[in-house]
Amino acid sequence: MFRHYLYIVCFIVVSFISNNLQAETLSVITNIQKSPNDQREYLALNLPNQLQVMLVSDPTTDKASAAMDVYVGSADDPSDFLGLAHFLEHMLFLGTKKYPTPDEYQKFISEHGGAHNAMTSLEHTNYFFDIQAGFLEEALDRFAQQFTAPLFNAEYVEREVNAVHSEYTSKIKDDGRRFFETLKLALATDHPYSKFSVGNLDTLKDTPSKSLRDALLAFYEAHYSANNMRLVVLGKEPLPVLKDWVVEKFSNIPDRNITRREVSQPFFNENALPKQVNIQSVMDKRSLTLAFPIPSDRKHLDAKPVDYIANLIGHEGKGSLLSKLKELELVDSLSAGKQFDTNHNALFMINMSLTQKGLAEYDSIIDIVFDYIAMLKQQGIKKHYFDEQVTLLDIAFTYQEKTEPLHFTSSLAMALQDSQPEKVLSEYYTLKDYAPELYQRYLSALSPLNMLIVLNAKELPVNQKSPWYDVPYQISPVDAERLARFNIVNTYLDLFPPAANEFIPENTRLLATRTSKQPELLRQSEGYDVWYAADTSFGTPKANLFLTLRSAAANSSADHYNKTDIMIALVNDMLSEFTYPAYLAGLQFELYQHMRGLTIKISGYDDKQSILLQKILSTLKTGTFREDRFNIIKERLTRELENAKDKKPFEQAFSLAQNLLISPSWDEQERLASLATLTFNEMTKFREVFLDTLQTVLLANGNLTRASTLNIASLIEASLLKDATMSQIDRAKIIRLEGQNSWINYRLIDHPDTGYLFYLQGKDKTFREQAKFLLLNQAIATDYYADIRTDKQLGYIVFATGFSLLDVPAIAFVVQSPSSSAETLHKETMRFLNATQQTVSKMPEQSLERFKQAVISKLLKQNNTLYSVSNKYWQDIDRENYSFNTNEALANAVQQLNVQDLQQLIEELLSNKGRHLLLYTAKELGLSEDNLPAVKLSKDRIKTLQLF
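**Remarks on the overall build of the protein chain**
Of regular secondary structure, the protein chain possesses 31 helices and 29 strands. Relative to the compact-globule value of 30 Å for 948 residues, the protein chain shows a C-alpha radius of gyration of 29 Å, a close match. On the principal axes, the C-alpha backbone points of the protein chain span a range of 80 × 75 × 65 Å. Entry remark: accessible area of the protein chain is about 38100 Å², with carbon and sulfur atoms responsible for 50%. Computed over 98 positive and 117 negative side-chain charges, the separation of the two mean positions in the protein chain equals 2 Å.

**Some points on the packing of helix α27 (residues 845–859) against helix α29 (residues 886–895)**
Direction vectors running N to C along α27 and α29 enclose 175 degrees, while the axes themselves pass 9 Å from each other. The pairing of α27 with α29 is recorded here as roughly antiparallel in orientation. Across the interface between the two elements, E849, K852, Q853, V855, I856 and L859 of α27 pack against N887, L890, A891, V894 and Q895 of α29. Broken down by class, the residue content of the contact of α27 with α29 amounts to six nonpolar, three polar and two charged.

**Quick look at the nonpolar core**
Residues L549, I566, L598, I600, F690 and I716 are the most contacted members of the largest nonpolar core, which totals 61 residues. The biggest single contributor to this core is helix α18 (residues 558–584), with eight residues.

**Quick notes on the sheet that holds strand β10 (residues 331–339)**
Strand order in this open sheet of seven strands is β10-β11-β9-β12-β8-β14-β13, and the pairing throughout is mixed. If you trace the sheet from one side to the other, it starts and ends with β10 and β13 (464–465), each paired once. As judged from the eight bridges shared by β10 and strand β11 (residues 345–354), these two strands associate in the antiparallel manner. Bridge pairing in β11 links S335 to N351.

**What about the pairing of strand β5 (residues 115–120)?**
Regular strands show a simple pattern: their side chains alternate between the two faces of the sheet. With six bridges joining them, β5 and strand β6 (residues 125–132) adopt antiparallel strand pairing. By the bridge assignment, N117 is partnered in β6 with F128. Counting the residues in the hairpin turn of β5 and β6 gives four residues.

**What to know about helix α13 (residues 362–379)**
If you check α13, its first and last C-alpha atoms are 26 Å apart, about what 18 residues at 1.5 Å a residue would give, namely 26 Å. Among the 18 residues in α13, 14 count as buried, and that is most of the element.

**What to know about the sheet that holds strand β26 (residues 797–802)**
Within the open sheet, the six strands sit side by side as β26-β27-β25-β28-β24-β29. Their pairing is mixed. A strand with exactly one partner marks an edge of an open sheet, and here the two such strands are β26 and β29 (934–936). When the angles between neighbouring strand axes are averaged without regard to direction, this sheet yields 20 degrees. In the sheet, strand β25 (residues 754–761) pairs with strand β27 (residues 810–817) via eight bridges, with the strands oriented antiparallel. Residue pairing in the sheet places Y759 in a bridge with A812 of β27.

**Some words on the packing of aromatic side chains**
Evaluated as defined, the whole model comprises 42 aromatic pairs. Seen in terms of ring centroids, F129 and F143 are 5.1 Å apart; in terms of plane orientation they differ by 70 degrees. Their pairing is edge-to-face. With a gap of 14 residues between them, F129 in strand β6 and F143 in helix α5 (residues 136–148) connect regions that are remote in the sequence. The exposure class of F143 is buried, given its relative accessible area of 0%. Taking 6.1 Å as the distance between ring centres and 70 degrees as the angle between the ring planes, the aromatic pair formed by Y399 and Y605 counts as edge-to-face. Pair noted here: Y399 is in the loop between α14 (383–398) and α15 (405–415) and Y605 is in strand β19 (residues 597–605), with a separation of 206 residues, a long-range link. In this structure Y399 comes out as buried when scored by relative accessible area, which is 15%. Taking the relative accessible area as the measure of exposure, Y605 reaches 7% and is therefore buried. Through a chain of ring-to-ring contacts, three or more aromatic side chains come together here, namely F93, Y105, Y127, F129, F143 and F147. Looking at R260, its charged tip hangs above the ring of Y71, at a distance of 3.7 Å from the centre. Directly above the aromatic system of F578 lies the positively charged group of K615, at a separation of 5.4 Å from the ring centroid.

Conventions and cut-offs
- Residues numbered from 1 in each chain as written.
- Predicted model: local features only at pLDDT ≥ 70, side-chain atom pairs only at ≥ 80, totals over all residues.
- Heavy atoms only, no water.
- Helix = DSSP H or I, 4+ residues; strand = E, 2+ residues; numbered from the N terminus.
- Rg over C-alpha atoms; globule rule 2.2 N^0.38 Å.
- Areas by Shrake-Rupley, 256 points an atom, 1.4 Å probe, with all protein chains shown as cover.
- Lys, Arg positive; Asp, Glu negative; His and termini not counted.
- Charge placed at Lys NZ, Arg CZ, Asp CG, Glu CD.
- Axes fitted to C-alpha atoms, helices over the stretch in contact; angles between N-to-C directions.
- Parallel < 35°, antiparallel > 145°, perpendicular 65-115°, else oblique.
- Contact = heavy atoms within 4.5 Å.
- Nonpolar A, V, L, I, M, F, W, Y, C, P; charged D, E, K, R; others polar.
- Core = buried A, V, L, I, M, F, W, Y, C linked by side-chain atoms within 4.5 Å.
- Buried < 20%, exposed > 50% of the residue type's maximum accessible area, 1.4 Å probe, protein only.
- Pairing = 2+ DSSP bridges.
- Expected span 1.5 Å × (residues − 1).
- Phe/Tyr/Trp six-rings, centres within 6.5 Å; stacked < 30°, edge-to-face > 60°.
- Lys NZ or Arg CZ within 6 Å of the ring centre and 35° of its normal.

Next up, the structure:
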C-alpha cells in the first residue's frame, strides 16, 4: 500500500527515484490491525534516526493532533536533583533555536483553536497538542524544534523552578499526592519509584559540584534520544503528505542510541511484607487499599490474567465482594486492577472506600477479601467467564468509536513504547488464550503474606511525618495473630462468581434509518415532551435515552436540595448490583442531580435498553429505601460538604462564585445545617413530594425508530407519570450585577496559597454579547497566562476563562499563588487589563480574523461520538432553543464582530465596575471592601438585585 501511494504522488521520474531511494532508508509498516468501524488510515515508520512514528490520516477530522512520548520519567531523576524530569518538561517549552520566543509554540497553538500540554509520570514524559486541521504542518514544525534544538536558556531556569515549586505548593494538601508519597515510603528505599517526583526549591538548585542547568543538559543528553521516543501524528492529509512532513521535521532529532532502562528489582525488600501503612488525610475521607506485588503480565497479553482476576474481584453484581461488604455496612465502593507495571513487576491493588463501621472493623473487611479470593480459586476459574470477556471485548472492538484527537494521539504514543505498531490498536481487545493455571498462579499471589495494607483516614495512629508533603503516617509490621486470622477461610453461601450477563447485546443490527438533521418533537403534552433523532452515522448499533424529571420540590430549599441528593444516591445504591453487568456489556447508566431535579441517561447498545430503563423507573418510583443505607449516605454527604473547606483555594473561589451568582443555590453551611436534622422518615416521605409535580423531557437519539421511541415514552408515562401533576418548572436564574462599585467576597481557608477569581459579567444573554466574550477570551487568555504566570511568576495555576452561567456571558481571571496576596493579584490583573485595552486598540484585522476562526472552530467542532451529539441536543432542549443551532448562531455572531466591538467591550467592562465581582480565598484577610472601593456581595445583598 505504501508504494501505491508513492506512485500516486510521483508524476515525474526524478521524484519517483527520489521517493524510492528515501523508502529504502525507512522501515514502513502498513498492516495495522484496527476496528472494522475505524475508517482512518494508518502507517507506521521507523525513521533513519530510529524514531518510531505512527501516522493517522482522517480526511473528516476538523482537529489535527500530535504527541511525542519520551520513555523517561521521574523514576530516572538523579538523587541530587529530584524532580529533574518534570523540570525538563517545563523548560522544553521555553524557546528553540528556530523559534526563540518562549511562548511561540503555545501562542501559535492557542491562536489556531488548539490546546497543548505535557505530563511527567514515573516512566514517561508525554507532550501533546491539537489544532485546527489546516494548521498542522506549521504546528508540527514548532513542535519538532522542541526535540531537535531546545534552547534551555539560563535566564529562564530560576523562573521555571519557581513555577515547579508553585505547582508543588498548590497541591501540598492534595490527598491523592499525599497518598502516593506515603505509599512510596513503604517501597524499598533504593527502588526508582520511591523518589520524590515533582521537585521544588529545595531539590532543584545548584549543588557544589554541578549547576541545575548543567544537570538539566546532562539529563537531556542522557535520555532524550530519537530511539527512546514515539511520535503519533493525526491529520486530514493523506498518509504520503504526513509522511513527508514527519521525515522532514523529525529526522534531525539526535539518535544517541541509548539503552532503554529496565526496572527489574522488586518493589519491596525480601521479607518486608506483610506490613501496614497508616496515612492521615486532610479531608475526612476513609479508604482501605490492599496492594500485592505480582509479576507483570505484559508477556501474557493473549491471556490477560490480571484483567481476568480484576474483573471478578471488582465485580459489583449479586454475590460479589462489594455486595457482601455493602450488606455488612463496611464499604461504599470497590475497584481492583494493577498499577506501577514496570514490565517485570506490578502491584495488584484492591481499593475500597469505607463507612465509619468499616474503618472501625477494617480487619473484618480483609477477612472477607481473602474469603472471596479463596472462593474464586475454587469456583472462579471457569471457561464461560473467559468466553464472556472475549465476547464483550470483541463487541467493543467491532463497534469502537473515535476518541478526541488529543487524547487519541497522547495515549497511542505512550502505548507504542510497549506495543508493536501492528497490534497497538487491537492488543487491549485481544483475548485468545484461556489459561487456568496462569490465573491460579496470579490469584495465589494475592495472599496475606504478600500484602501491603494501606489505611487512609483523618484520624489514625501515626508516629512520623513524610519529608515532602508533611503527611502524618506510620509503617508497621502485621503481627502473627492478625496473619493467622486472615488465613482462616470462612465459607459464605452468598459469595459466588458473577452470573451470566443478561445484558450482552444479541441484536447488533443497524436500522435502515436516515440520520436526522435535528431532533423531532414526536409528542408534546402538558409537562411532557418527547424528542427523537435517528442516527446511524457512527456505524454502531447504539442509542442514547436522556430523561429529565424537573420537580417543583427539587431545589425550593436547602432541605429539599439535600433530600433530592440523598434520594438519588439511595436509588443508585439499590441499582448497583443490577446495572453493573449492563455497564460491562457496554450499556452505561447515569442518574444525577441538577438544579431542577434529576436526569437519567442510558447510553450504549440499544438491544437491552428498555430492560434497564424499566428497572430504573420502578426503583425510583417504588424501591424500598433502607434506613441503614440512608444513614451511611447521609454521613457520606455530610463529610463531602465539610470537606469543601479543604479543596484547592482556586476551586473554593469557583464554588463561592457559583453559589453567589446562581439563584436559588445553597452553600455548604446552609446544607449542613439542614442536613443535621434530616431523619429517615422525612426522607421516605420526600419521594412522593418530589414525584408529585413534574415536568418531563425525553430525548431518544441513535439506532432507534419513531415507534420504539413512542413505546419508551409510554413506558415512562405508565411507570412514573400517571399519578403526577404535570407543570412547567422554571430554570434557575443568574444575579445581575449592577451599581457604581465593584463587588467583593472572600473565604478564609486553611491553606498556604491564595486563590483569586475576578469575574466580569456581560450585560445581556444575546448571541452577540456571548460571542464578544468568547472572542475576548480567545484574544487575551494566552497573554494573561504569559504575563501573570510566565513573566511575573505569581503562581502555577493561572488562566483566563469563559465563565458563562446559564448563558449569561462572563470572563474570569483565576490565579492560585503561593507567594502573593489577593491585593497584589488584583493589581496585576487590572494592570494587565488596562494594557490589553491598548493592545486591542492596535490589533491588526489579520490577528482578529485568526482569533475569530479559532473560536468558530471550537464552536463548530465535529462530534466524534453519538453521545456528544446527544449532549449537544440536550443542552439546546434545556435552553428551549428548539432550532438546535446555538453553536451555529454563536459562530455566526463571532464572524460579524470587528476590532471596534472588542474595544467597546473592554472599555465597558473596565468602566462599569458594577459588573465586577472579586473573590478570593486565603489564610488571612488580605483585601476587603475597606481597602478597595467595593461592596460585599452577601446573601442579604443579593436579594436586592435583579435576575437575568
